[in-house]
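Topology and contacts: notes
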Amino acid sequence: MGAFFKPTPLARSLQGVLSVLALGSACLPVAMAQSGDEPQSASSSVRLQASPMMKENLPPEVGDLTPTFVSGDQIEGKTDGLTVIEGAAELRRHDTVIRADRLEFDRATNDAKAKGNVLINRNGDRFEGPELQINTQTKEGYFEAPSFSMPRNDGFGEARRVDFLGDDKLLAHDARYSTCPRTPGVRWAPDWLVRASKIELDNVEEVGTATGAVLEFKGVPFLAAPYLSFPLSDKRKSGALPPSLSIDSQSGTQVTAPYYLNLAPNFDATLSPTVMSKRGVDLGGEFRYLQPTYTGQVRAAYMPSDRLRDTDRWAYAIQHGQQLNSPLGISGPVGLRINLNRVSDNNYWRDFPRTGTTLYSRLLPSDVALGWSNGPWSVSAGAYTWQALQDDESRFTPPYDRLPSIGVTYQRVNETIAGLSGWDWSIQSNVTRFQRSIEATSTAAEIKSSGDRALAVAEITRRWQTPGWFVQPRARLHATSYQFDTAINGRTNATRVLPTFSVDNGLIFERPASFFGRSFIQTLEPRAFFTWTPYRDQSDLPVFDSAARNFNLSTLFTENTLGGNDRITDTRAVTLGVNTRLFDPEKGGEIVRLGVAQRYFLEDQNVTLPGRAPVTERISDVLFAARVQWDPRWSTDLNLQYNPKSQETVRTTVGARYNPTPYRTLSVAYRQLSGRSEQLDVGWQWPLSGWGSPTPEPVPGRALGPGQWYSVGRINYSVPDKKVVDLVAGFEYDAGCWLGRVVLERLQLSRSTSNQRILFQLEFTGFSRVGANTLKTLQDQVPRYRYLREEINPPSRFQNYD
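Residues take numbers from 1 onward in each chain, read along the sequence in its written order. Only residues with pLDDT of at least 70 get local features here, since the model is predicted, and only at 80 or more are side-chain atom pairs given and counted; chain-wide, interface and lining totals rely on the full set of residues. With hydrogens and water excluded, all non-hydrogen atoms of the structure serve as input to the side-chain values.

A few words now on the pairing of strand β21 (residues 280–290). Strand direction decides the pairing type here: strand β20 (residues 267–276) and β21, joined by 10 bridges, are antiparallel. Within β21, the position partnered with threonine 274 by the bridge is aspartate 282. By definition, two strands form a pair when at least two bridges between them are found by DSSP. A run of H or I in DSSP counts as a helix once it spans at least four residues, and a run of E counts as a strand once it spans at least two, with each numbered from the N terminus. As paired strands, β21 and strand β22 (residues 294–306) are joined by eight bridges and run antiparallel to one another. Residue pairing in the sheet places glycine 284 in a bridge with alanine 301 of β22. Hairpin remark: β21 followed by β22, antiparallel, with three residues in the connecting loop.

With that settled, consider the pairing of strand β8 (residues 140–144). The pairing of strand β7 (residues 125–135) with β8 spans four bridges and is antiparallel. Bridging from a neighbouring strand, glutamate 131 pairs with glutamate 144 of β8. As consecutive antiparallel partners, β7 and β8 are separated by four residues, and within that stretch lysine 139 has a phi angle of approximately 65°, a positive value.

Bringing the environment of asparagine 430 into the picture now. Within the fold, asparagine 430 resides in strand β28 (residues 420–435). A relative accessible area of 18% means that asparagine 430 is categorised as buried. Placed 26 residues apart in sequence, asparagine 430 and alanine 456 show a C-alpha to C-alpha distance of 6.6 Å. Working rule for contacts: check all heavy atoms of both residues, and any pair within 4.5 Å makes them a contact. Excluding its chain neighbours within four sequence positions, the residues that come into contact with asparagine 430 are Ser405, Ile406, Gly407, Arg453, Ala454 and Leu455. Within polar-contact distance, the side chain of asparagine 430 engages the side chain of serine 405 at 3.3 Å. At a separation of 2.5 Å, a polar atom in the side chain of asparagine 430 contacts the side chain of threonine 432. Per-residue accessibility, obtained with a 1.4 Å probe over protein chains only, is compared with the maximum for each type, and a residue is labelled buried under 20%, exposed over 50%, and partly exposed between these values. Polar contact is the term for a pair of N or O atoms within 3.5 Å; when the atoms are in protein, one must be able to donate a hydrogen and the other to accept it, and sequence-neighboring residues count only if both atoms are side-chain atoms.

A word on the packing of aromatic side chains. Planes of paired rings set the category: under 30 degrees apart is stacked, over 60 is edge-to-face and the rest tilted, where pairs are Phe, Tyr or Trp rings (Trp by its six-membered ring) whose centres lie within 6.5 Å. Throughout the structure, instances matching the rule amount to 27 aromatic pairs. Seen from their ring centres, tyrosine 482 and phenylalanine 544 are 6.2 Å apart, and the 40° between their planes marks the pair as tilted. Of the two residues, tyrosine 482 sits in strand β31 (residues 469–488) while phenylalanine 544 sits in the loop between β34 (518–532) and β35 (547–548), which places them 62 residues apart along the sequence. In this structure tyrosine 482 comes out as buried when scored by relative accessible area, which is 0%. Judged by centre distance (5.2 Å) and plane angle (55°), the ring pair of phenylalanine 520 and tryptophan 630 falls under tilted. Here phenylalanine 520, found in strand β34, pairs with tryptophan 630, found in the loop between β39 (622–628) and β40 (634–643); they are 110 residues apart in sequence, far enough to count as distant. By relative accessible area, which is 2% here, phenylalanine 520 ends up buried. Residue tryptophan 630 is classed as partly exposed on the basis of its relative accessible area of 31%. Only when the NZ atom of a Lys or the CZ atom of an Arg is both within 6 Å of the ring centre and within 35 degrees of the ring normal do we say a charge sits over the ring. One Lys or Arg, arginine 436, reaches over the ring of tyrosine 400 and ends 3.8 Å from the middle of that ring. Arginine 463 extends its terminal NZ or CZ atom over the ring of phenylalanine 470, reaching a point 4.2 Å from the ring centre.

Quick look at the layout of surface pockets now. To find the voids left in a structure, one rolls a probe of water-molecule size over its atoms. Considered as a void within the structure, the second largest pocket measures approximately 970 Å³ in volume. Contributing to the lining of the second largest pocket are 27 residues, with Arg549, Phe551, Arg612, Val615 and Gln641 lying nearest its centre. Of all the elements in the fold, those that place two or more residues in the lining of the second largest pocket are β38 (590–601), β40 and β41 (648–661). For this classification, Asp, Glu, Lys and Arg are treated as charged, while Ala, Val, Leu, Ile, Met, Phe, Trp, Tyr, Cys and Pro are nonpolar and the rest, including Gly, are polar. Among the residues forming the lining of the second largest pocket, the class breakdown is 12 nonpolar, eight polar and seven charged. Buriedness of a pocket was judged along seven lines, with at least five required to meet protein on both sides within 12 Å; pockets are open sets of points on a 1 Å grid over the protein atoms alone, cavities are sets where a 1.4 Å probe fits but cannot get out, and lining residues have an atom within 4 Å of a point. Grid points are joined across faces, edges and corners, and a volume is the space filled by probe spheres set on the points.

All right, on to empty space enclosed by the protein then. In total, this model carries three cavities of 30 Å³ or more according to the counting rule given. Roughly 80 Å³ of volume is contained in the largest cavity. Taken together, Arg122, Asn123, Asp125, Phe127, Met150, Arg152, Asp167, Asp168, Lys169, Leu170, Leu201 and Asn203 make up the full set of residues lining the largest cavity. Those elements giving two or more residues to the lining of the largest cavity turn out to be β7 and β12 (169–178). The residue makeup of the lining of the largest cavity, split by class, is four nonpolar, two polar and six charged.

This part covers the confidence of the model for the protein. Overall, the predicted model of the protein reaches an average pLDDT of 83, with 85% of residues at or above 70. Across the protein, the element-wise mean pLDDT spans from 31 in strand β1 (residues 3–5) up to 96 in strand β37 (residues 572–583). Here pLDDT means the predictor's own confidence in every residue, given as a number from 0 to 100. Low pLDDT, under 50, characterises residues 1–45; the stretch is placed with 43 contacts to residues that sit more than four places away or in other chains. Here residues 444–448 scores under 50 on pLDDT; set against residues more than four positions off or in separate chains, the count is nine contacts.

The term disulfide is used for any two cysteine sulfur atoms that are within 2.5 Å. If you walk through the whole model with that rule in mind, you get one disulfide. The partner cysteine of cysteine 180 in its disulfide is cysteine 737, sulfur to sulfur 1.9 Å. In this structure the cystine formed by cysteine 180 and cysteine 737 twists about its S-S bond by roughly 65°; its chirality is therefore right-handed. One end of the pair, cysteine 180, is in the loop between β12 and β13 (192–202); the other, cysteine 737, is in the loop between β45 (723–734) and β46 (738–748), and 557 residues separate them in sequence. Each member of the pair cysteine 180 and cysteine 737 is classed as buried.

Below you can see the structure in the form of structure tokens.
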């Protein structure tokens, strides 16, 4: 029997119950108060909270059993039959809300028809228009002339008609789509949009496809395609990627049209052909793979008949890592690492600077290595080679190739010796074949010392430590044997055995202190390091891997002043240093650090690298280091190397950073090496408006708001040459639903040549990027650069549940 009524205030409070009973549901939408609970005011606000009971998606078997709620000014209907709601009509069912002036719902078929100011909310996606027909169970139906919004990707649109093809798919006819927001009551005129005869949105595959599509920007069509696909999330999919465009002083206009292949969940490839107006076509590509026991990538590029050099150009880079089964039943993992990098010629680094599919370093490593470890044992074996790209204006000597190199290490930690625990000891051994090709060297004379080297290093140490002091003695025995390809001073072999003893010790004092009206915990940390290695004449030994260490506070407290194993310096010296630090007593953060150190030689150091004189000075240069972060927004660093004999500064490095708020950062660095180089480096990212006013915290996923210009860049300036060495500088504009970038890049290739590029990029938020990859350039080159669009989790449908 039907019922028709106009609800009074009392009846309105009960209409949810009556409607559910009328529709045959056994679930009542009423929360009964627990015994003893205080009554709540009807005006009390109810706030949605995260709860395990509020699930984004229900299993199909549960979703079919969810109740349906209806409400309105007038309700007429029959149990398990047709219900008609007039005036402020509303239907709710789990993830669907329908509102209209008039609503018809057939309980037997689950069909709903709505007319007049219709709104449907499906999983947070909102559609508004004059007429809707949909099945609330199959989620199939149509909507006439709707406008819609999709918060999961900030999408907005309108269409002549939308067909709902299920819970996660829809087809829009004669549609317009954009991520530019719609202002209520104002005609929608977005800065950019995709206009298409059909747009299909698939939330399962998380991809949109447009037929007969035209991409418009500021009302001007600039990209058309009979078929266009675009992402609705960051999920991978096959398809053409946006083309990139840049202007290069060396290559001319460059246009890259990449195509992405999502071959499998664990395989993908990207083809990146590039047309250079002055040179030809560069065919680049990348293949990536991922398996449970191995992973890697292959990058390659080939340019036939490069007009710049009148020859074919190519490059490849292969990286592979894999875990293998241990041979012969030996326990412990075996790791394989492959890293291969090669280019066609010496000019490749100069002619293909800073490109994503080629190599531009002058020293390219290639190596294959195996490693195994189990408990105290570890074994490694590998082959390591280099390709040196020489330049007649600035030749250099690359490292030796090691073909092969085999090492075995046995290490014990916290062992008990003579009843005293805490000893660490190890034995390392290595056998290596060193060689170098004539083409790789800067002078042919450097070939003469190819040969084999076997070494063993035994070491034992123990550290005694309390909160106020520490002492750590160390003893090391270094044994080396050589076999030469060419006789050196009439010999084809040589051996060397050297012991080394050292003692590292220090004190740690602490006290409360106050400076400039601020309380701190101050430390005073004096340290003394004594090392003794006897003299052995090593002038007839080759130098395969020894080189000078950087002179800093770390290397001052080491036994050998040189790196590598071919020169063991006869260092008989004491290093004295002291640090003092200021800590925040509440948060524990380090506010100030000051340090100074100097090495005092007890005897001359006669073992040096070839061509260098023995060290006869009894005192080394003095090192000063300071770091101050008085305020979290500011930080400064200073490193100073001072020669007390000449009373000159040998090396200076000064850096400062100012980061008051997100998207406002400025860094300055000054580096000076006496008689060799002097450079000033400045990097920044800063909004161009509101220089003197505080910048508000950005909205999650956004920068400082639409309509904001930013300046961003980095400049490296050579003071003696009075010219810019490297430059990356440009502007970014955040319009809210799109971003624009223009970047000028200058790279010094030699003393007399450089390469300039102009990069343009338009980023349509939540849709695509068109133009050169300026974003990667800024991230690689600008210190602490921050992307204007932070990655955030997609919103919950409950955030738009109305």
